[in-house]
Amino acid sequence: MRSIWNGAISFGLVSIPIKLVNATESHSISFRQIHLADGGRIRYRKVCELDGEEVSAAEIGKGYEEADGSVIPITDEDLAQLPLATAKTIEIMSFVPAEEIDPLQMDAAYYLAANGATAAKPYTLLREALKRSRKVAIAKFALRGRERLGMLRVVDDVIAMHGLLWPDEIRAPEGVAPDAEVTVRDAELDLADALMATLGEVEMESLHDDYRDAVEAMIAAKAGGAFEPAEATVEPAGGQVIDLMAALEKSVRAAKASRGEGEGGGGAEDESGAGAGPGAGGEVTPMRRRSGGAGRKTAAAPKAVGGKKSTAASAKKTAASAGAASKKKTTTARSGTAKSGSGATKSGTTKSTSTASAKKAATKKAGTAGGAKKAGTAAGAKKAAAPRKRASA
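Rules behind the numbers
Residues numbered from 1 in each chain as written. Predicted model: local features only at pLDDT ≥ 70, side-chain atom pairs only at ≥ 80, totals over all residues. Heavy atoms only, no water. Helix = DSSP H or I, 4+ residues; strand = E, 2+ residues; numbered from the N terminus. Buried < 20%, exposed > 50% of the residue type's maximum accessible area, 1.4 Å probe, protein only. Contact = heavy atoms within 4.5 Å. Areas by Shrake-Rupley, 256 points an atom, 1.4 Å probe, with all protein chains shown as cover. Patch = residues over 30% accessible without salt bridge, like charges linked within 9 Å, V, L, I, M, F, W, Y side chains within 5 Å. Salt bridge = Lys/Arg side-chain N within 4 Å of Asp/Glu carboxyl O. Phe/Tyr/Trp six-rings, centres within 6.5 Å; stacked < 30°, edge-to-face > 60°. pLDDT = per-residue confidence, 0-100. Pairing = 2+ DSSP bridges. Core = buried A, V, L, I, M, F, W, Y, C linked by side-chain atoms within 4.5 Å. Axes fitted to C-alpha atoms, helices over the stretch in contact; angles between N-to-C directions. Lys, Arg positive; Asp, Glu negative; His and termini not counted. Charge placed at Lys NZ, Arg CZ, Asp CG, Glu CD.

> For the overall build of the protein chain, give the residues involved together with the corresponding values.
Each helix and strand counted, the protein chain has 10 helices and 9 strands in total. Split into buried and exposed, the 393 residues of the protein chain put 19% on the buried side. Expressed as a percentage of contacts within the protein chain between residues at least 6 apart in sequence, the contacts between residues at least 24 apart total 59%. Surface summary for the protein chain: the accessible area is close to 30,200 Å², and the carbon and sulfur share equals 55%.

Below, the structure is given as structure tokens:
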């Protein structure tokens, strides 16, 4: 690469001969001015206003115009004799963290190349010192007739210098911020964070100038005679944002879809609490119906059995009464079983033993009339015992 300036870096008492090389280049497509009638080039000629003659580049010098219109000639020799340490030297003044440099001050960028074999050692020393300190160097230098401010940092294995604007060249942002007082809700910030996270990071090397590509394609098509202008779709600009939340949600969904993460943006809505309400996509779990009919029927069963009429003798009525009481006890025992299984089992075993004893006593006295009555009572007890066994089972 061709150098545009030769000088040295002044690093304390260390002097590093360097060459200044442009680190950037413009790929913008330039156009010529032409005469629309015949396509002829429009040129600007440098003409002396006193004699009207065209002047070549070798005859053109510099001059400073005074307030009264008089011009004071300034030569390159005059500028070279100025008592400035930065005339041919990049003078390092301090080392600061890179975060202290406002990006607004950034200007053109240059590479600093070691000029000669003797410059290799001090050049490498400064480069490694910058790497280890993780700082940048602030320096002054003179270029193209003026003193400038610069920042030196390491890029790969090369020292690069960014031209910096002087602090008084940065304009204050007065009257730029919105005048109206605006309140931003947390839900809106959450959606903005979700959109930033969805967009993620980008490889800077993958970015390119689409406009330049389109212009080059158009020029190639016109040169080949096959250019057909297409109607450009122009979206209305300057529209008012009606619903910021809706716009953010739609942006999150579009960003996820473009990255192949599926439709939605619902995750961002759920996290932020936004989007809740009708139509937000929530699930509704139906409530179970109570089995009230079956419960009422089961509770009424003892009443129906107990209320059954009988035309038998009083012994059978007594037996029926005993059976109803036995069923009531059986229902109580079953309820106790739901609460404590071991207690209910013990109660059921005791009642079964009592029933067997009553049956044995009734069989021994079956021959007498009183025994027959007791046998009837035992038979009633047996009937009562049978339903209790089914309930216990």
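Picking up after the structure, the text goes on.
> Tell me about a nonpolar patch on the surface, and name the residues and values.
Together, Phe-31, Met-218, Ile-219 and Phe-227 make up a nonpolar patch on the protein surface, roughly 380 Å² of accessible area in all. By the element assignment, Phe-31 lies in the loop between strand S2 (14–22) and strand S3 (62–65).

> An account of the pattern of salt bridges is needed here, citing residue identities and associated values.
This structure, assessed with the given rule, holds 8 salt bridges. Asp-76 is the partner of Lys-62 in a salt bridge, and the nearest nitrogen-oxygen pair spans 3.0 Å. Note that Lys-62 is positioned in strand S3 and Asp-76 in helix H1 (residues 76–80), a separation of 14 residues in sequence. Among the residues examined, Lys-62 registers a relative accessible area of 49% and is labelled partly exposed. The partner of Asp-157 in a salt bridge is Lys-131, with the nearest N and O atoms 3.5 Å apart. With Asp-157 in the loop between strand S8 (146–155) and strand S9 (158–164) and Lys-131 in helix H2 (residues 120–133), this pair connects stretches of sequence that are 26 residues apart. We classify Asp-157 as partly exposed; its relative accessible area is 49%.

> Go over the packing of aromatic side chains with me, naming the residues and quoting the values.
The tally for this structure, following the rule as stated, stands at 1 aromatic pair. Seen from their ring centres, Phe-11 and Phe-95 are 5.9 Å apart, and the 70° between their planes marks the pair as edge-to-face. With a gap of 84 residues between them, Phe-11 in strand S1 (residues 3–11) and Phe-95 in strand S5 (residues 89–97) connect regions that are remote in the sequence. With a relative accessible area of 22%, Phe-11 lands in the partly exposed category. With a relative accessible area of 33%, Phe-95 lands in the partly exposed category.

> Any details on the confidence of the model for the protein chain? Residues and values, ideally.
Averaged over the protein chain, the pLDDT score is 73; the fraction of residues at 70 or greater is 63%. Within the model, the stretch residues 324–358 combines pLDDT values under 50 with 18 contacts to residues more than four positions away or in other chains. Here residues 361–393 is a poorly scored stretch, pLDDT under 50, and it has 26 contacts once near neighbours within four places are set aside; other chains count.

> Describe the pairing of S9, with residues and values.
Most of S9 sits out of view: 6 of its 7 residues are buried. Note: strand S6 (residues 106–114) against S9, 5 bridges, orientation antiparallel. Note that in S9 the partner of Ala-109 across the bridge is His-162. Alignment of S8 against S9, held across 7 bridges, turns out to be antiparallel. The residue bridging Val-154 from the neighbouring strand is Ile-159, located in S9.

> For the nonpolar core, give the residues involved together with the corresponding values.
With 20 residues, the main nonpolar core has Ile-9, Ile-18, Ile-90, Leu-112, Leu-152 and Met-161 as its most contacted residues. Listing elements by their share of this core, those giving two or more residues are S1, S2, S5, S6, H2, strand S7 (135–143) and S9. At 4 residues, S7 tops the list of elements feeding residues into this core. Once you skip the residues sitting within four places of it in the chain, Ile-9 turns out to touch Val-14, Ser-15, Ile-16, Ile-18, Ile-90, Ile-92, Leu-112, Leu-126 and Leu-152. In this structure, Ala-187, Leu-195, Met-245 and Val-252 belong to the second largest nonpolar core, which totals 8 residues.

> Just give me the short version of unusual backbone geometry, but keep the residues and values in it.
One non-glycine residue, Arg-134, adopts positive backbone phi at about 55°. When you line up the elements, Arg-134 lands in the loop between H2 and S7. Arg-134 sits in the exposed class, given a relative accessible area of 74%. Positive phi values are uncommon outside glycine, yet Asp-156 reaches one of about 55°. Tracing the backbone shows Asp-156 in the loop between S8 and S9. With relative accessibility at 67%, the residue Asp-156 sits in the exposed group.

> Can you tell me about the sheet that holds S2, naming the residues and giving the values?
Two pairing modes exist for strands in a sheet, parallel and antiparallel, and in both the strands are linked by backbone hydrogen bonds. Strand order in the closed barrel formed by 7 strands is S1-S2-S6-S9-S8-S7-S5, and the pairing between neighbours is mixed. Averaged over all pairs of adjacent strands, the angle between strand axes in this sheet comes to 40°, irrespective of strand direction. Strand contacts of H2: S1, S2, S5, S6, S7, S8 and S9, with the helix running at about 85° to S2, the strand carrying the most contacts.

> Break down the environment of Val-155 for me, with residues and values.
Mapped onto the elements of the fold, Val-155 is located in strand S8. For Val-155, a relative accessible area of 22% translates into the label partly exposed.

> Outline a negative patch on the surface, supporting the account with residue identities and numerical values.
Where like charges cluster on the molecular surface, the negative patch consists of Glu-49, Glu-65, Glu-66 and Asp-68. Mapped onto the elements, Glu-66 comes out in the loop between S3 and strand S4 (71–74).

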